[in-house]
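Structure at a glance
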Amino acid sequence: MWDALDDFYWTYQSLIHAIGVNGILALSVYVVLAVGQLSLGQAAFMGVGAYTGALLSVKFGVPFGVAMLASAVVPALLALVVGGPTLRLTGVYLAIATIGLGEITRIVFLNWDYAGGALGLSSIPERGGVVAIYGTLAVLLVGLTLVARSRVGRAMEAMREDEAAAGVMGVNLPRYRLVALVVSSAMAGVAGCLSAHVSSFIGPNEYGFEAAVTILSYALLGGIGSPLAPVLGSTILTLLPEVLRPLADFRLMVNGLIIVLAVLFMPRGILPWRIARTG
Amino acid sequence: MTLLTVQGLTRRFQGLVAVDSVDFAVQPGTVHGLIGPNGAGKTTLFNLVSGVLAPSAGSVRLGDQPLDGLPPYRRTALGLARTFQNIRIFSEMTVLENVMTGLHTRLSATWGILLRGPGFRAEERRAKAKARDLLAFVGLIDAADTRAGDLPYGDQRRLEIARALACEPRLVLLDEPAAGMNPAETHALLGLLRRLRDERGLTLLLVEHDMPLVMSLCDRLTVLNFGRRIADGTPAEVRAHPAVIEAYLGTGSHEVSVSRGAAS
């Protein structure tokens, strides 16, 4: 029995890691969507976290805990800097600005020789693993659930429903927007660091526009009524290509079709249940 | 002492002067009506006072406190609350959660949200009790756990008032509270607004087109037309004012239709 489980783990190791990491990424985009903003910068923040953590491990051999902390702080600082000007933008304009941020970071990584340039960074030590990934995911799930069930959760949902009305209720809109972006970028950075330390290699093209759209689609598919919903969305979207493997060449087509149908017929996500906002 | 002082307030939209150097003052404990034909600039004036729009010129003071340049959330913290012309409740939230959102500036939990200590739980309990009191006051206590968007129209209006009261305001701005209501609902609303003034000692500034309601409820009226103040005074004074009669009925009329009867 134990052997069978062990075999299963070794066979599906990378998939098990991916589900946890993508769950954290889904939560990171949830935090932004929960205040009614649209960010396509999550992949860039993830990349910044991944490079921060990997560089610290590879070049300086720092303890994993320090690498994790730095991979949260550096993207958070970046979000703080870009947040000032970009959060004056709302809706689709913020999305466009964050796409720009993603391209800039990609080009920086691509041309940064110290960090491996186009070849990326390899031989990243294996650290953290399943325990760190799922531990982080669990902590974030609980934390975000507690936040939702408080005055902050009420203010966030109010902003998403009607920003002007939320402002008149006394919600400090600019601060909420900025804090949401900073927290979400720190979460994406941690996801990047965790994933870099289980995959031994990272490259500049892993954190581009396509990744940003994929992360957004986790929350679109899952919904944002509760923190559990985007994690369910990311789990399904991570598993789907594997489950559809027997379809061979039709795999991506069917994968896309399922997403389109889900968005069309379940616009609130596959888990539309809404968490109560009282503590 | 005057509670709200509006001086020389002006707002231009390109060529249009929607609000043109308007002055008026609201006395504490009164219901002050803001009336005028469609497009007179009433809602724009509300948006200027609540901070949703920035004025082109002029100033607004709440008590001694100048509000100029403050964002809406700061004005709420200072004691200004409002409702909207087209209802803007948070329809996905429950009725109780809507009112609790109004309490936002009166709650202070930060780390307690994650730690869930006794302080946080006590504050959240107090907030719930306060919200329930307000729902009882407006007669919506039985609907506390209903999704707000599922409430009938008149109840949504009352919910919006309860939510505004949760901000613990000194002045409540009501933008057409009776719009779309049937006579029975309007009558109930009139009673509710009177109780706000008489039982809670609140000051109300309201924009309203329902003249019987305005005439029987308001202590004082300011009349706008084409963005300018054309009259100011008690309902009886305003009703007889020639400029008001002209604004509502055009020149050549001698009697204002609004003088017929009051709501209650």
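Residues numbered from 1 in each chain as written. Chains lettered and ligands numbered in written order. Predicted model: local features only at pLDDT ≥ 70, side-chain atom pairs only at ≥ 80, totals over all residues. Heavy atoms only, no water.

Side note on the overall build of chain B
Looking only at helices and strands, chain B has 10 helices and 10 strands in total. The C-alpha atoms of chain B give 19 Å as radius of gyration, which agrees with the globular expectation for 264 residues (18 Å, within 12%). Principal axes of the C-alpha set define a box for chain B whose edges measure 70 × 40 × 35 Å. Each of the 264 residues in chain B was classed as buried or not, and the buried ones make up 53%. Sequence separation of at least 24 residues holds for 68% of the intrachain contacts in chain B that already meet a minimum separation of 6. For chain B, the accessible surface area stands at approximately 11,100 Å², while carbon and sulfur atoms represent 50% of it. The centroid of the 30 positive side-chain charges in chain B is displaced by 5 Å from the centroid of its 27 negative side-chain charges. (Helix = DSSP H or I, 4+ residues; strand = E, 2+ residues; numbered from the N terminus. Rg over C-alpha atoms; globule rule 2.2 N^0.38 Å. Buried < 20%, exposed > 50% of the residue type's maximum accessible area, 1.4 Å probe, protein only. Contact = heavy atoms within 4.5 Å. Areas by Shrake-Rupley, 256 points an atom, 1.4 Å probe, with all protein chains shown as cover. Lys, Arg positive; Asp, Glu negative; His and termini not counted. Charge placed at Lys NZ, Arg CZ, Asp CG, Glu CD.)

Describing the sheet that holds strand 4 (residues 57–62) of chain B
Residues and elements named next belong to chain B. Strand order in this open sheet of 4 strands is 2-1-4-5, and the pairing throughout is antiparallel. One side of each edge strand has no neighbouring strand; the edge strands of this open sheet are strand 2 (16–26) and strand 5 (65–66). Relative to strand 2, strand 1 (residues 4–13) runs antiparallel, the two being bridged by 7 bridges. Across the sheet, Leu-9 pairs through a bridge with Val-22, a residue of strand 2. Running at roughly 115° to strand 1, helix 1 (residues 42–50) makes contact with strand 1, strand 2 and strand 4 of the sheet. (Pairing = 2+ DSSP bridges. Axes fitted to C-alpha atoms, helices over the stretch in contact; angles between N-to-C directions.)

Overview of the nonpolar core
Core analysis: the largest hydrophobic core is formed by 140 residues, its most contacted members being A:Ile202, B:Leu135, B:Leu159 and B:Leu193. Take this core: its biggest share by element is 14 residues, from helix 8 (residues 173–199) of chain A. Counting the residues that make up this core, at least three belong to each of domain 1 (1–79 + 169–264) and domain 2 (93–168) of chain B. Among the nonpolar cores identified, the runner-up in size contains 24 residues, and B:Leu3, B:Val26, B:Leu62 and B:Leu205 belong to it. (Core = buried A, V, L, I, M, F, W, Y, C linked by side-chain atoms within 4.5 Å. Domains from an automatic or database assignment.)

Structural notes on the pairing of strand 9 (residues 220–225) of chain B
One face of the sheet, then the other: side chains in a regular strand alternate in exactly this way. Residues and elements named next belong to chain B. Where burial is concerned, most of strand 9 is hidden: 5 out of the 6 residues are buried. Pairing of strand 3 (residues 31–35) with strand 9, which is carried by 4 bridges, proceeds in the parallel orientation. In the sheet register, Leu-34 faces strand 9, and the bridge partner there is Thr-222. Where strand 9 and strand 10 (residues 228–233) come together, 5 bridges link them in antiparallel fashion. Across the sheet, residue Val-223 finds its bridge partner in strand 10, namely Ala-231.

Let's talk about the UniProt feature "transmembrane region" (unreviewed entry) in chain A
Residues and elements named next belong to chain A. The residues that UniProt annotates with the feature "transmembrane region" (unreviewed entry) are residues 12–33, 40–58, 64–83, 90–109, 129–148, 178–203, 215–240 and 252–271. Taken as a whole, residues 178–203 contains 85% helix and 0% strand, while its terminal C-alpha atoms sit 29 Å from one another. What you have in residues 252–271 is 70% helix and 0% strand, and the ends, taken at the C-alpha atoms, are 23 Å apart. (UniProt positions renumbered as here; feature names shortened; annotations may be inferred.)

Some details on the confidence of the model for chain B
Within chain B, residue pLDDT values average 91, and 95% of them lie at 70 or more. With pLDDT under 50 throughout, residues 253–264 of chain B is counted as low confidence; its partners more than four residues away or in other chains account for 21 contacts. (pLDDT = per-residue confidence, 0-100.)

Observations concerning the packing of helix 3 (residues 95–102) of chain B against helix 6 (residues 153–166) of chain B
All names here are of chain B. The contact between helix 3 and helix 6 brings their axes to 6 Å, and the two run at 35°. Where helix 3 crosses over helix 6, the handedness of that crossing is right-handed. Between helix 3, through Val-95, Asn-98, Val-99 and Gly-102, and helix 6, the contact on the second element is made entirely by Leu-159, Ala-162, Arg-163 and Ala-166. A breakdown of the residues in the contact of helix 3 with helix 6 according to their chemical character gives 5 nonpolar, 2 polar and 1 charged. (Left-handed = near helix turned anticlockwise from the far one by under 90°. Nonpolar A, V, L, I, M, F, W, Y, C, P; charged D, E, K, R; others polar.)

Some details on the sheet that holds strand 7 (residues 171–175) of chain B
All names here are of chain B. Across the sheet, which stays open at both edges, the 6 strands sit in the order 6-7-8-3-9-10 with mixed pairing between neighbours. Looking at which strands have only one partner, the edges of the open sheet turn out to be strand 6 (80–82) and strand 10. Each neighbouring strand pair of the sheet contributes to a mean axis angle of 20°, computed without reference to strand direction.

Examining the packing of aromatic side chains
Tallying each qualifying case throughout the model produces 5 aromatic pairs over all chains. Geometrically, the ring pair formed by A:Tyr9 and A:Trp10 is edge-to-face, given 5.6 Å between the ring centres and 65° between the ring planes. Here A:Tyr9 falls in the partly exposed class, since its relative accessible area comes to 24%. A:Trp10 gets classed as exposed once you look at its relative accessible area, which sits at 54%. Seen from their ring centres, A:Trp112 and A:Tyr114 are 6.1 Å apart, and the 45° between their planes marks the pair as tilted. Under the relative-accessibility criterion, A:Trp112 is labelled partly exposed at 36%. A connected cluster of aromatic rings, assembled from ring pairs, spans A:Tyr51, A:Phe109 and A:Tyr207. Here B:Arg163 stacks its cationic end above the ring of B:Phe90, 4.6 Å away from the centre of that ring. One residue, B:Arg195, lies across the ring of B:Phe137, its end atom 4.3 Å from the ring centre. (Phe/Tyr/Trp six-rings, centres within 6.5 Å; stacked < 30°, edge-to-face > 60°. Lys NZ or Arg CZ within 6 Å of the ring centre and 35° of its normal.)

Considerations on the side chain of B:Thr5
Residues and elements named next belong to chain B. Along the chain, Thr-5 turns up in strand 1. Take Thr-5: its relative accessible area is 12%, and that puts it in the buried class. Look past the residues within four positions of Thr-5 in its chain and what remains in contact with it is Phe-24, Ser-59, Val-60 and Arg-61.

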